[in-house]
Amino acid sequence: MVVQINGISKRFGDHEVLKDIHLDIPEHTVFGFVGANGSGKTTLMKCILGLLPLNAGSITIAGEPVTFGETKSNQYVGYLPDVPDFYPFYNAIQYLELCAVITNIPQKERQRRIAELLELVGLASTTSLISTYSRGMKQRLGIAQALLNRPKLLICDEPTSALDPAGRAQILSILHKVKEETTVFFSTHIVSDAEQICDHVAMLHEGTIIFQDELVNLKHQITGQFIFTFTIPVAEAHERLRHTPFEMKIDSKQLVVSLPNESTQLAFMQELTTQKILIQSMHPKTRLLEQLVLEVLG
Amino acid sequence: MNQWLGFLKKEWFESVKTYKLLLVLVIFSILGILNPFTAKISPVLFEQFMPEGALVNLPEPTALDSWLQFYKNVPQMGLIVFILLFSTLMSKELEKGTLVILLTKGLRRSTVITTKFFMALCYWTLAITLSFTITYAYTAYYWDQSQLQHLLFAASCLYVFGILLLAVTLWGNTLFATPYGGTLVTLLVVITLFIAAIFPTSANWNPLELLTATTQLLTGELTPLDLWGPYTITLFAAILVVLLTMSHFKRKLL
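Everything quoted here is computed from the prediction, not taken from an experiment.

A. Local environment of the overall build of chain A. Assigned secondary structure in chain A consists of ten helices and 14 strands. Principal axes of the C-alpha set define a box for chain A whose edges measure 75 × 50 × 30 Å. Buried positions account for 51% of the 298 residues belonging to chain A. The long-range share in chain A, meaning contacts at least 24 apart out of those at least 6 apart in sequence, stands at 68%. Here chain A has roughly 13,700 Å² of accessible surface; of this, 50% comes from carbon and sulfur atoms.

In structure tokens:
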């Protein structure tokens, strides 16, 4: 595990923002952290970065305990804040050079690493000052600076929340790509973003982790329904199967059939064979993560 | 050390790009020229504004008048503008969040404070040196300065007082993390020093004494030894305030 969070709590005055949080983040995964605004996501991230002191519990990153202030564990971390701001009088290369000096990257390696990262985030051909950058460009520069020291953990706080669809797609694609090099821990309130690239998902609600699991497990909670498309129009297939005992309905040019157990599933297949209806596609209807989150939020 | 120099380079680059260097050069050059110039034209101006026929026996201006202008203009105008120029060193970065990224990369919090203070100190040194040199050269052109005592020490009194105010401004700016925090704290400290100056015994320690005793220093009524109390206390206080700022910033929640 690259990050181990053991029973941490954080209070601001009387308000308990984080309550007994336990979380393990496996290496080389994209770990999505979903939750509504104000649920405590940013506070948890700041605790992991040692920017806020804990009231209880402990955090380790790559085995190094996190302490408040100048924590050694930050040598393993790259951080992208929700609305990153950089020195406007620098261009991307100058800014990354400053970051390289601060992270003690050897001079010989600097230029190559900077060029590599600017290529990765699509800013290689940009020479203008940061003051002229769009929000999306700033986010991409933010990812580049966060990856500069080859961190074991990349923390991104709401990296897509303020971007247009094209910008969001770019950032998600970069985050997915860097998984080979590092572990990505990113928070978002856009559930579809988490669904798109995460291997693991946890949900924080009112300071408590409501669920955490692999996305595949969360999504494949089969509701007993299957979605079919056929080589013939769905309306025609529906008409031909109308007399059968199966519960079915047409939904977005697909046939949704309730097949709660193996025997009904086999019976339905036999019926299709009898009717000579060829299947084009078939998959179980899954519970979308968004539905799960909405259930939690009430 | 690399980190310290790297961040100092950023501070320098920023000060140039945000026209601080240009402003300091222009303002303190003007002040340097203004001091002897004001002393020179003051009698002419007085004569112009007196009622016609009035007889006023104005003494000829001397080098002392020029330097008195220096010790009036630089603390009153120069230092105030200087403090305003450097009053948002920390708050700007804390508000925008530019520092947080670098701090999570391992930038030491003490490095932030010491580099910012050092850069402001360099600018203050440049400002005083520039203004002093121009005033000196211009005054020497018009008058004989050989009668003046402790000229350099008197300038160093102003310099040391400025260092204290810079330290206080940085502390206030770190403490409140708002653009006006630093200026407000500095203003309160100066008001407190003025109130303390009401009591004659405060002359033994009050940093404000470094500004008010310059005339007596130049005329030889006071010697540097007479000001060792306020001088050392001011320097000591400046160092203490910088240490306090570092300690405060180490515990600051970001």
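B. Quick peek at the packing of helix H4 (residues 135-147) of chain A against helix H5 (residues 165-177) of chain A. Residue and element names in this part refer to chain A. Remark: H4 packs on H5, axes separated minimally by 10 Å, with the N-to-C direction vectors making an angle of 10°. What the angle tells us is that H4 and H5 run roughly parallel. From H4, Gly136, Gln139, Arg140 and Ile143 reach across to H5, where they touch Gln170, Ile171, Ile174 and Leu175. Counted by class, the contact of H4 with H5 contains four nonpolar, three polar and one charged residues.

C. Fine view of the state of the cysteines. All names here are of chain A. Using the criterion set out here, one finds zero disulfides over all chains in the structure. In this structure Cys47 is a free cysteine whose sulfur lies 18 Å from that of Cys156, the closest cysteine sulfur available. Look at Cys47 and you get buried, because its relative accessible area is 1%. Free cysteine Cys156: the closest other cysteine sulfur is in Cys198, separated by 11 Å. Classification of Cys156 as buried rests on a relative accessible area of 0%.

D. Looking closely at the sheet that holds strand E7 (residues 153-157) of chain A. Residues and elements named next belong to chain A. Pairing is mixed across the open sheet formed by six strands, whose spatial order is E6-E7-E8-E3-E9-E10. The sheet is open, and its two borders are formed by strand E6 (77-80) and strand E10 (208-214), each paired with just one other strand. Between one strand and the next, the sheet's axes are offset by a mean angle of 15°, whatever the strand orientation. Across five bridges, strand E3 (residues 30-34) lies against strand E8 (residues 183-188) in parallel orientation. Counterpart to Val34 in the pairing with E8 is Thr188. Seen against the sheet, helix H1 (residues 41-48) touches E3, E7, E8 and strand E9 (200-205) and runs at an angle of roughly 150° to E8. Packed onto the sheet, H5 meets E3, E7 and E8 and runs at close to 150° relative to E8.

E. Quick look at the side chain of B:Thr98. All names here are of chain B. With respect to the helices and strands, the residue Thr98 is situated in helix H5 (residues 98-103). By relative accessible area, which is 3% here, Thr98 ends up buried. A distance of 2.9 Å separates a polar atom in the side chain of Thr98 from a polar atom in the side chain of Glu93.

F. Here's a closer look at the domain arrangement of chain A. Each domain of chain A was delimited in the assignment, giving domain 1 (3-85 + 139-219) and domain 2 (225-288). If you average the C-alpha positions of domain 1 of chain A and of domain 2 of chain A, the two centres end up 41 Å apart.

G. The arrangement of a nonpolar patch on the surface in detail. All names here are of chain B. Together, Tyr19, Leu22, Leu23, Leu25, Val26, Ile30, Ile33, Leu34, Phe37, Met77 and Leu126 make up an exposed nonpolar region whose accessible area comes to about 940 Å². Take the nonpolar patch: its biggest share by element is eight residues, from helix H2 (residues 20-49). Looking at Val26, the relative accessible area reads 43%, which means it is partly exposed.

H. Geometry of the UniProt feature "transmembrane region" (unreviewed entry) in chain B. Those places that UniProt annotates as "transmembrane region" (unreviewed entry) correspond, in this numbering, to residues 21-39, 74-91, 117-139, 151-172, 184-203 and 228-249 of chain B. Regarding residues 74-91 of chain B, the helix share stands at 72% and the strand share at 0%, and the terminal C-alpha atoms are separated by 26 Å.

I. Structural view of the packing of aromatic side chains. Residues and elements named next belong to chain B. This model, assessed by the stated rule, comprises 30 aromatic pairs over all chains. Between the aromatic rings of Phe70 and Tyr71, the centroid separation amounts to 4.9 Å while the plane-to-plane angle is 85°, which identifies the pairing as edge-to-face. Take Phe70: its relative accessible area is 0%, and that puts it in the buried class. Taking relative accessible area as the criterion, Tyr71 reaches 9% and is therefore assigned buried. Each ring, one from Tyr142 and one from Trp143, has its centre 5.5 Å from the other, and the planes form 50°; the classification is tilted. You can call Tyr142 partly exposed: its relative accessible area is 32%. Note that Lys20 overlies the ring of Phe86, its terminal NZ or CZ placed 5.6 Å from the centroid.

J. Main features of the pairing of strand E4 (residues 56-61) of chain A. Residues and elements named next belong to chain A. Judged from the five bridges that link them, strand E1 (residues 3-12) and E4 form a sheet pairing that is antiparallel. Among the inter-strand pairings, Ser9 is bridged to a residue of E4, identified as Ala56. Two elements, E4 and strand E5 (residues 64-65), share two bridges in a ladder whose sense is antiparallel. Bridged to Ile61 within E5 is Glu64. Counting the residues in the hairpin turn of E4 and E5 gives two residues, including Ala62, whose phi is positive at 50°.

K. Region of interest: the pairing of E9(A). Residues and elements named next belong to chain A. Within E9, six of the six residues are buried, leaving the element largely enclosed by the surrounding structure. Burial of E9 is two-sided: the residues His200, Ala202 and Leu204 facing one way and the residues Val201, Met203 and His205 facing the other way are all buried. Sheet topology places E3 next to E9; four bridges connect them, and they run parallel. Looking at the pairing, Phe31 lines up with His200 of E9. Direction of pairing for E9 relative to E10: antiparallel, over a ladder of six bridges. Among the inter-strand pairings, Ala202 is bridged to a residue of E10, identified as Gln212. From the end of E9 to the start of E10, which pair antiparallel, there are two residues, and Glu206 there has a positive phi angle of about 50°.

Conventions used here
- Residues numbered from 1 in each chain as written.
- Chains lettered and ligands numbered in written order.
- Predicted model: local features only at pLDDT ≥ 70, side-chain atom pairs only at ≥ 80, totals over all residues.
- Heavy atoms only, no water.
- Helix = DSSP H or I, 4+ residues; strand = E, 2+ residues; numbered from the N terminus.
- Buried < 20%, exposed > 50% of the residue type's maximum accessible area, 1.4 Å probe, protein only.
- Contact = heavy atoms within 4.5 Å.
- Areas by Shrake-Rupley, 256 points an atom, 1.4 Å probe, with all protein chains shown as cover.
- Axes fitted to C-alpha atoms, helices over the stretch in contact; angles between N-to-C directions.
- Parallel < 35°, antiparallel > 145°, perpendicular 65-115°, else oblique.
- Nonpolar A, V, L, I, M, F, W, Y, C, P; charged D, E, K, R; others polar.
- Disulfide = S-S within 2.5 Å.
- Pairing = 2+ DSSP bridges.
- Polar contact = N/O pair within 3.5 Å; in protein donor to acceptor, adjacent residues only side chain to side chain.
- Domains from an automatic or database assignment.
- Patch = residues over 30% accessible without salt bridge, like charges linked within 9 Å, V, L, I, M, F, W, Y side chains within 5 Å.
- Salt bridge = Lys/Arg side-chain N within 4 Å of Asp/Glu carboxyl O.
- UniProt positions renumbered as here; feature names shortened; annotations may be inferred.
- Phe/Tyr/Trp six-rings, centres within 6.5 Å; stacked < 30°, edge-to-face > 60°.
- Lys NZ or Arg CZ within 6 Å of the ring centre and 35° of its normal.

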